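What the coordinates show
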Amino acid sequence: MRAYLYDNLDTDCRLPHELEPSVPVSAEELAASGVLYWKLQDENFEEQIDKICEERNYKNRDQITVSKEGLGALFDEKIKTFFAEHLHEDEEIRAILEGTGYFDIRDRQDRWVRIKVEAGDLIVLPAGIYHRFTLDTNNYLKAMRLFKEDPVWTPLNRPCDENPHRKAYLEVIAAN
Ligand code: KMT
Ligand code: NI
């Protein structure tokens, strides 16, 4: 995982969009926005996932392959949906199994922070944070999705500032 401020240029979202010079964003700064991160080691990947699931009460899991092959006819539509700025009423938890991609989150000053993820990264986006996802130019990412209860992955596109989960999120990070 590596995070940095997004350059906001209107070019292909799959490009790095890193400022020159780069402005890195630390794991501590991400944590202040409620974003959690673990690096899982290859050797005991399953064990570590199981432990985090137990600690954080993630009961269900499935897998998604974000690629032309993996999503078939739905590819274009899904990619568009993922990159539209949105929030969820639940945490978005992803363990990256293969490939690479970018999660963009809005920081406390409403700036885009780009988080580059690769195999072994486990990332938790809190309920109520505005975010989006894109593949990079490798066009391939396989991830495990973890859920607390039954999967509800309804994206609520910005603006939805009156949403109670959005309001609760802002209250929590204001205290950080
Ligand atoms: C979402 O809701 O933003 C996603 O599920 C992103 C794609 S999963 C790697
Ligand atoms: Ni999302």
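It should be emphasised that the depicted structure is a prediction, and the values quoted were computed from it without experimental measurement.

**With respect to the coordination of the nickel ion (ligand 2)**
- Surrounding the nickel ion (ligand 2) are the protein donor atoms His86 (NE2), His88 (NE2), Glu92 (OE) and His131 (NE2), at 2.0 to 2.1 Å.
- Considering all 6 donor atoms around the nickel ion (ligand 2), the spread of angles at the metal, 55 to 172°, places the coordination shape in the irregular class.
- Every donor residue of the nickel ion (ligand 2) comes from the same chain, spaced as H-x1-H-x3-E-x38-H. Of this pair, His86 sits in strand 4 (residues 86–87) while His131 is found in strand 8 (residues 131–135), placing the two residues 45 residues apart along the sequence.

**Comments concerning the site of ligand 1**
- Surrounding ligand 1, one finds Phe82, His86, His88, Glu92, Arg94, Phe103, His131, Phe133 and Leu141.
- The contact in question runs from an oxygen atom of ligand 1 to an N or O atom on the side chain of His88, over 3.0 Å.
- When ligand 1 is considered free in solution it has 300 Å² of accessible area, and contact with the protein chains removes 96% of it.
- Secondary-structure elements contributing two or more residues to the shell around ligand 1 are strand 5 (92–106) and strand 8.
- Looking at the shell around ligand 1 element by element, the count peaks at 3 residues for strand 5.
- Along the lines of polarity and charge, the residues of the shell around ligand 1 split into 4 nonpolar, 3 polar and 2 charged.

**Focus on the packing of aromatic side chains**
- Counted by the stated rule, this structure contains 3 aromatic pairs.
- Centre to centre, the rings of Phe82 and Phe133 are 6.0 Å apart; their planes meet at 85°, and the pair counts as edge-to-face. Of this pair, Phe82 sits in helix 4 (residues 75–83) while Phe133 sits in strand 8; the two residues are 51 residues apart in sequence, bridging distant segments of the chain. Of the two residues examined, Phe82 and Phe133, each falls in the buried class.

**A look at the environment of Leu15**
- Tracing the sequence through the fold places Leu15 in the loop between strand 1 (2–5) and helix 1 (27–32).
- Excluding anything up to four places from it in sequence, Leu15 contacts Tyr102, Arg114 and Thr137.

**Let's talk about the UniProt feature "binding site: Ni(2+)" (unreviewed entry) in the protein chain**
- Within the UniProt annotation, "binding site: Ni(2+)" (unreviewed entry) is assigned to His86, His88, Glu92 and His131. In three dimensions, the annotated residues from a span of 46 residues occupy one location, with a maximal C-alpha spread of 11.4 Å.
- By the secondary structure assignment, His88 is in the loop between strand 4 and strand 5.
- Assessed through its relative accessible area of 6%, His88 is described here as buried.

Analysis parameters
Residues numbered from 1 in each chain as written. Chains lettered and ligands numbered in written order. Predicted model: local features only at pLDDT ≥ 70, side-chain atom pairs only at ≥ 80, totals over all residues. Heavy atoms only, no water. Donors = N, O, S within 2.8 Å, 3.2 Å for Na, K, Ca; no water. Tetrahedral: all angles 85-135°; square planar, octahedral: opposite > 155°, others 65-115°. Helix = DSSP H or I, 4+ residues; strand = E, 2+ residues; numbered from the N terminus. Near = heavy atom within 4 Å. Polar contact = N/O pair within 3.5 Å; in protein donor to acceptor, adjacent residues only side chain to side chain. Areas by Shrake-Rupley, 256 points an atom, 1.4 Å probe, with all protein chains shown as cover. Nonpolar A, V, L, I, M, F, W, Y, C, P; charged D, E, K, R; others polar. Phe/Tyr/Trp six-rings, centres within 6.5 Å; stacked < 30°, edge-to-face > 60°. Buried < 20%, exposed > 50% of the residue type's maximum accessible area, 1.4 Å probe, protein only. Contact = heavy atoms within 4.5 Å. UniProt positions renumbered as here; feature names shortened; annotations may be inferred.

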